[in-house]
Amino acid sequence: MTLASPGLHHVTCIAIDPQANIDFYTKVLGLRLVKTTVNFDAPDVYHFYYGDHDGHPGTILTFFPFVYAGRGRPGNGVTETVALAVPRHALDDWMVRLSDHGVDTSAPYERMGERIVSLTDPDGLHLEVVEADFEPSPKEAIAGLHAVALRVEDPDPTIKVLTDVLGYRQTNEDAGVRRYSSASAAPGRHVDVLCSAGPKHARPGGGTVHHVAFRAKDDTQLAEWRELIAGQGFEVTPMKDRKYFHSIYFREPGGVLFEVATDPPGFTVDEAPNALGTSLKLPAQFESRRADLERRLPPVKLPHTHQADINRF
């Protein structure tokens, strides 16, 4: 059986100020903070997960806020843009909302038949809001991820990974941007590939994407993917337990860090659905260090509950 991911699981980015990050993504963009935890590899750094009300795969945007990080710099071998989906005919209302919050946006433009505005978050992450065929509730809310744009110097090896490993197929091309899509209609089904001539090197830091994660059904499928990726000659990590999913990592030929992550067990394994994101959750290996970590982590004000009117216009 040919493996094919139904789309993006999540996108993980680097931020600087944790409170500014929470305020922007919950109060301005209206996403729910579905998990407040730590970077499992560097537990003195938060890991915030934002998504739809229940934290479904394909809606998740996550951040490591490194308070002493400088701004990053775009270049080759990075995910340049994260696009978020809103329903058809909602873009004008979103422009008003963003303006009311003091966020500058581009004028609306079209690419691949979609109407788009671009903006940046407080750390300079390049975001797009794209009208797409989704109907979230409330009806004008962000439905989830729409696409990521990968900037690479030589697109062909990256495209080979998308098609031969992840099961994507080319569905569009516009002004030098090639779009690859999964067969699913779920949020996060598109990956755009941009070819950038020249050796401009990216610099990691605030406002950049750390990695892009693709969905796997379960551990059995994840193990099959690991075998396939290793068989293609890539160095791939052992399966890692991230508590809310299990995953593997590898770097595609263009330099972008890819993760493949399971849909289960999900974000309700340690919090009730109505309390997601409202307290600091630690993996078992760090519980004995809770008091120390809470002293080290910057103080932040977390949403106590999901405000039902946050997404309403």
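Residues numbered from 1 in each chain as written. Predicted model: local features only at pLDDT ≥ 70, side-chain atom pairs only at ≥ 80, totals over all residues. Heavy atoms only, no water.

Quick look at the overall build of the protein now. From N to C terminus, the protein includes five helices and 16 strands. Projected onto the principal axes, the alpha-carbon positions of the protein cover approximately 50 × 45 × 35 Å. Out of the 313 residues in the protein, the part that is buried amounts to 55%. Sequence separation of 24 or more characterises 67% of the internal contacts of the protein that already satisfy a separation of 6 or more. Across the protein, the mean location of the 32 positive side-chain charges is 3 Å away from that of the 42 negative side-chain charges. (Helix = DSSP H or I, 4+ residues; strand = E, 2+ residues; numbered from the N terminus. Buried < 20%, exposed > 50% of the residue type's maximum accessible area, 1.4 Å probe, protein only. Contact = heavy atoms within 4.5 Å. Lys, Arg positive; Asp, Glu negative; His and termini not counted. Charge placed at Lys NZ, Arg CZ, Asp CG, Glu CD.)

Turning to the pairing of strand β8 (residues 126-132), a few remarks are in order. Counting buried positions along β8 yields six of seven residues, so the element is predominantly enclosed. When strand β5 (residues 78-87) meets β8, the two strands line up parallel, connected through six bridges. Bridging across to β8, Leu84 finds its partner in Val129. For strand β7 (residues 114-120) and β8, the ladder comprises five bridges, and the chain directions are antiparallel. In the sheet register, Val117 faces β8, and the bridge partner there is Val129. Between the antiparallel neighbours β7 and β8 lie five residues, among them Gly124 with a positive phi of about 95°. (Pairing = 2+ DSSP bridges.)

For the protein, per-residue confidence averages 93 on the pLDDT scale, and residues scoring 70 or more make up 95% of the total. Below pLDDT 50 for its whole length, residues 306-313 participates in 17 contacts with residues either more than four positions away or in separate chains. (pLDDT = per-residue confidence, 0-100.)

Our focus in this paragraph is the sheet that holds strand β14 (residues 240-241). Ordered in space as β2-β3-β4-β1-β13-β16-β15-β14, the eight strands form an open sheet in which the pairing is mixed. At either end of the open sheet lies a strand with only one pairing partner, and these are β2 (32-39) and β14. Bridge count for strand β1 (residues 8-15) against strand β13 (residues 208-216) is six bridges, and the pairing is antiparallel. Across the sheet, Thr12 pairs through a bridge with His211, a residue of β13. Relative to the sheet, helix α1 (residues 18-28) contacts β1, β2, β3 (42-51) and β4 (60-65), its axis offset from that of β3 by approximately 10°. (Axes fitted to C-alpha atoms, helices over the stretch in contact; angles between N-to-C directions.)

Of all the residues in helix α3 (residues 155-165), the buried ones are Pro155, Thr158, Ile159, Val161, Leu162, Thr163 and Val165. A distance of 3.3 Å separates the backbone nitrogen of Asp156 from a side-chain oxygen at the start of α3, and that oxygen is part of Asp154. Looking one or two places after α3, you find Gly167, whose phi comes out positive at around 80°. (Polar contact = N/O pair within 3.5 Å; in protein donor to acceptor, adjacent residues only side chain to side chain.)

Within the structure shown, the criterion is met by 15 aromatic pairs. Geometrically, the ring pair formed by Tyr46 and Phe48 is stacked, given 5.0 Å between the ring centres and 25° between the ring planes. Each of the two residues, Tyr46 as well as Phe48, counts as buried. Connected via pairs of aromatic rings, a cluster forms that spans Phe24, Tyr25, Tyr46, Phe48, Tyr50 and Phe63. (Phe/Tyr/Trp six-rings, centres within 6.5 Å; stacked < 30°, edge-to-face > 60°.)

Moving on, we come to the pattern of salt bridges. Two side chains bearing opposite charge may form a pair once their charged atoms approach each other closely. This structure, assessed with the given rule, holds 19 salt bridges. With a closest N to O distance of 2.7 Å, Arg179 and Asp192 form a salt bridge. Here Asp192 lies in strand β12 (residues 190-195) and Arg179 lies in strand β11 (residues 177-181), a separation of 13 residues in the sequence. Classification of Arg179 by relative accessible area gives buried; the value is 4%. Judged by relative accessible area, which is 3%, Asp192 ranks as buried. Members of the salt-bridge network, linked through shared partners, are Lys35, Lys243, Asp270 and Glu271. (Salt bridge = Lys/Arg side-chain N within 4 Å of Asp/Glu carboxyl O.)

This next bit is on the side chain of Asp192. A distance of 2.7 Å separates polar atoms of two side chains, one belonging to Asp192 and the other to Arg179. When residues no more than four places from it in sequence are discounted, the contact partners of Asp192 are Arg111, Met112, Ala147, Val148, Ala149, Leu150, Val177, Arg178 and Arg179.

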